[in-house]
Amino acid sequence: MKDETERDYIDFVTHQANALCRTAYLLCGDWRRAEDATQEALIRLYRVWGRIHRKGAVGAYARKVVVSTTLDALRRKSSQELVGGDDYFTAEADPADPLGVLENRLVITQALAELPPRQRACVVLRYFDELSVDETAAALNCRPGTVKSQTLRALDKLRTHPALAELMQGVLN
């Protein structure tokens, strides 16, 4: 990689790695796994940086790789660990987790944990990363209609989540 291109890569990582890691965390609920997924995504990005950088689609590509890496890890089960739906997220705040320090954010992450991975990804990308329907569809490699339907189903589930209802009642009072 040329010096200037490598500096651009380093600049991108410096400014975007935390946002990518946050997205991965919201998808999987574990900072260590999120960091692993982000690192894997940045390695993949480095391999194709020259080609992607010229096209100007760096952010979208990086996000897509983080999402796919994180969702792949959720599907994969090794012989040493069990990865399941509800027990994948911990009920207690991780001291290394800056989001877990705030109680309402913990409630939100627990509610997200109860969503299927695809619905969780739609909510995270649409509302936490503030992507459009088309950008979310590109990141998830699906059609915009799928994003809309998955998001609608996820929001319906979140509206009926008891802890979120309690949290919203506290906000409204």
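Data block above holds the structure.
Please read all numbers here as calculations on a predicted model, not as lab measurements.

A. Seen up close, the overall build of the protein chain. Of regular secondary structure, the protein chain possesses eight helices and zero strands. Overall, the protein chain shows an N-to-C arrangement of helices and strands of α-α-α-α-α-α-α-α. Sorting the 173 residues of the protein chain into buried and exposed places 39% on the buried side. The contacts in the protein chain between residues at least 6 apart in sequence include a share of 63% that link residues at least 24 apart. Total accessible area on the protein chain stands at roughly 10500 Å², and carbon and sulfur atoms take up 50% of it.

B. Looking closely at the state of the cysteines. According to the stated counting rule, one finds zero disulfides in the structure shown. Its sulfur unpaired, C122 is 5.9 Å from the next cysteine sulfur, which belongs to C142. Classification of C142 by relative accessible area gives buried; the value is 18%.

C. A look at the packing of helix α5 (residues 117-128) against helix α6 (residues 133-140). Following both chains from N to C, one finds α5 and α6 inclined at 135°, their axes separated by 10 Å at the closest point. On the basis of their axis angle, the class for α5 and α6 is oblique. Note on packing geometry: the crossing formed by α5 with α6 is right-handed. Packed against α5, whose contacting residues are R118, A121, C122, L125 and R126, the element α6 presents V133, T136, A139 and L140 at the interface. Of the residues contributing to the contact of α5 with α6, the split by class is six nonpolar, one polar and two charged.

D. Representation of unusual backbone geometry within the structure. Unusually for a residue other than glycine, E130 sits at a positive phi of about 55°. Within the secondary structure layout, E130 lies in the loop between α5 and α6. On the basis of relative accessibility, which here comes to 65%, the residue E130 falls in the exposed class. Non-glycine residue N141 carries a positive phi angle of around 55°. By secondary structure assignment, the location of N141 is in the loop between α6 and α7 (144-159). Classification of N141 as exposed rests on a relative accessible area of 61%.

E. Looking closely at the nonpolar core. Among the nonpolar cores identified, the biggest contains 45 residues, and F12, L45 and L140 are the most heavily contacted of them. Where this core is concerned, the elements lending two or more residues are α1 (3-28), α2 (31-55), α3 (58-75), α4 (103-113), α5, α6 and α7. The element contributing the most residues to this core is α1, with ten residues.

F. Representation of the pattern of salt bridges within the structure. Counted according to the given criterion, the structure contains four salt bridges. Of the charged contacts, one joins R22 and D129 as a salt bridge, the two residues approaching to 2.4 Å between their closest N and O atoms. Placement of the pair is R22 in helix α1 and D129 in the loop between α5 and α6, with a sequence separation of 107 residues. For D30, the salt bridge is made with R33, and the minimal N-O distance between the two is 3.7 Å. Relative accessible area serves as the criterion here: at 21%, D30 is assigned to the partly exposed category.

Criteria and cut-off values
- Residues numbered from 1 in each chain as written.
- Predicted model: local features only at pLDDT ≥ 70, side-chain atom pairs only at ≥ 80, totals over all residues.
- Heavy atoms only, no water.
- Helix = DSSP H or I, 4+ residues; strand = E, 2+ residues; numbered from the N terminus.
- Buried < 20%, exposed > 50% of the residue type's maximum accessible area, 1.4 Å probe, protein only.
- Contact = heavy atoms within 4.5 Å.
- Areas by Shrake-Rupley, 256 points an atom, 1.4 Å probe, with all protein chains shown as cover.
- Disulfide = S-S within 2.5 Å.
- Axes fitted to C-alpha atoms, helices over the stretch in contact; angles between N-to-C directions.
- Parallel < 35°, antiparallel > 145°, perpendicular 65-115°, else oblique.
- Left-handed = near helix turned anticlockwise from the far one by under 90°.
- Nonpolar A, V, L, I, M, F, W, Y, C, P; charged D, E, K, R; others polar.
- Core = buried A, V, L, I, M, F, W, Y, C linked by side-chain atoms within 4.5 Å.
- Salt bridge = Lys/Arg side-chain N within 4 Å of Asp/Glu carboxyl O.

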